[in-house]
Amino acid sequence: MWHQQTLILSAKARGFHLVTEEITDQLTHLHRLQTGLLHLLLQHTSASLTLNENCDPTVRADMEQHFLRQVPENAPYQHDYEGPDDMPAHIKSSLLGTSLTLPVGHGRLMLGTWQGIWLGEHRIHGGSRRIVATLQGE
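Under an unreviewed UniProt entry, the name given to the protein is YjbQ family protein, and the organism recorded is Serratia proteamaculans. For the record of the protein, the UniProt heading Sequence similarities (unreviewed entry) holds the text "Belongs to the UPF0047 family."

## Overview of the sheet that holds strand β7 (residues 115-125)
Across the sheet, which stays open at both edges, the three strands sit in the order β2-β7-β4 with antiparallel pairing between neighbours. Two strands bound the open sheet, and with one partner strand each, they are β2 (13-18) and β4 (47-53). The sheet shows a mean angle of 20 degrees between the axes of neighbouring strands, taken without regard to direction. Bridge count between β2 and β7: five bridges; the pairing is antiparallel. Pairing of L18 across the sheet is with W118, part of β7. Lying over the sheet, helix α2 (residues 57-70) contacts β2, β4 and β7, oriented at roughly 140 degrees with respect to β2. Contacts from helix α3 (residues 86-96) reach β2, β4 and β7 within the one sheet, and its direction differs from that of β7 by about 160 degrees.

## So, the sheet that holds strand β6 (residues 108-109)
Strand order across the open sheet formed by five strands is β1-β8-β3-β5-β6, with antiparallel pairing between neighbours. Single-partner strands in this sheet number two, and they are β1 (2-9) and β6. Pairing of strand β3 (residues 35-42) with strand β5 (residues 99-105) involves seven bridges; the strand directions are antiparallel. Opposite H39, over in β5, you have T101 as the bridge partner.

## Focus on α2
Between the first and last C-alpha of α2 there are 20 Å, a value that for 14 residues agrees with the 20 Å anticipated at 1.5 Å per step. The set of residues buried in α2 consists of R60, M63, E64 and F67. Down the axis of α2, the buried side of the element spans an arc of 100 degrees, and every buried residue falls inside it. For α2, the exposed residues lying more than 90 degrees away from the buried face are D62 and R69. The inward-facing, buried residues of α2 contact β2, β4, α3 and β7.

What counts and what doesn't
Residues numbered from 1 in each chain as written. Predicted model: local features only at pLDDT ≥ 70, side-chain atom pairs only at ≥ 80, totals over all residues. Heavy atoms only, no water. UniProt positions renumbered as here; feature names shortened; annotations may be inferred. Pairing = 2+ DSSP bridges. Helix = DSSP H or I, 4+ residues; strand = E, 2+ residues; numbered from the N terminus. Axes fitted to C-alpha atoms, helices over the stretch in contact; angles between N-to-C directions. Contact = heavy atoms within 4.5 Å. Expected span 1.5 Å × (residues − 1). Buried < 20%, exposed > 50% of the residue type's maximum accessible area, 1.4 Å probe, protein only. Arc of directions from axis to C-beta.

Quick look at the structure:
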């Protein structure tokens, strides 16, 4: 079976957000797969997807603080016509990536106990985000 759909994530403030349920709730065919893969592609260059801690929200806050220090908005970027948060958002997106490939078993994602899908929203006002989700398997 192959199935592809576009998911829409609601607009979020800058930072890291646990979006596992927001994604899986929209996957209409996930329950049909006994063994397979889910590929997620975030269709944006100023946000990211990553797999990380799903329980303690201070991990997401610490991650945001780390990236604000490592990729500052006040650096002398050439690309600045979309605002001071735009070029740093592109850098963070490239560092973290915009896609994930996850195993599926018995109709659900086979994540570790403490793993969840994060959206890294790197713009102050990023808006809603689109993800192309491709399921393959049997």
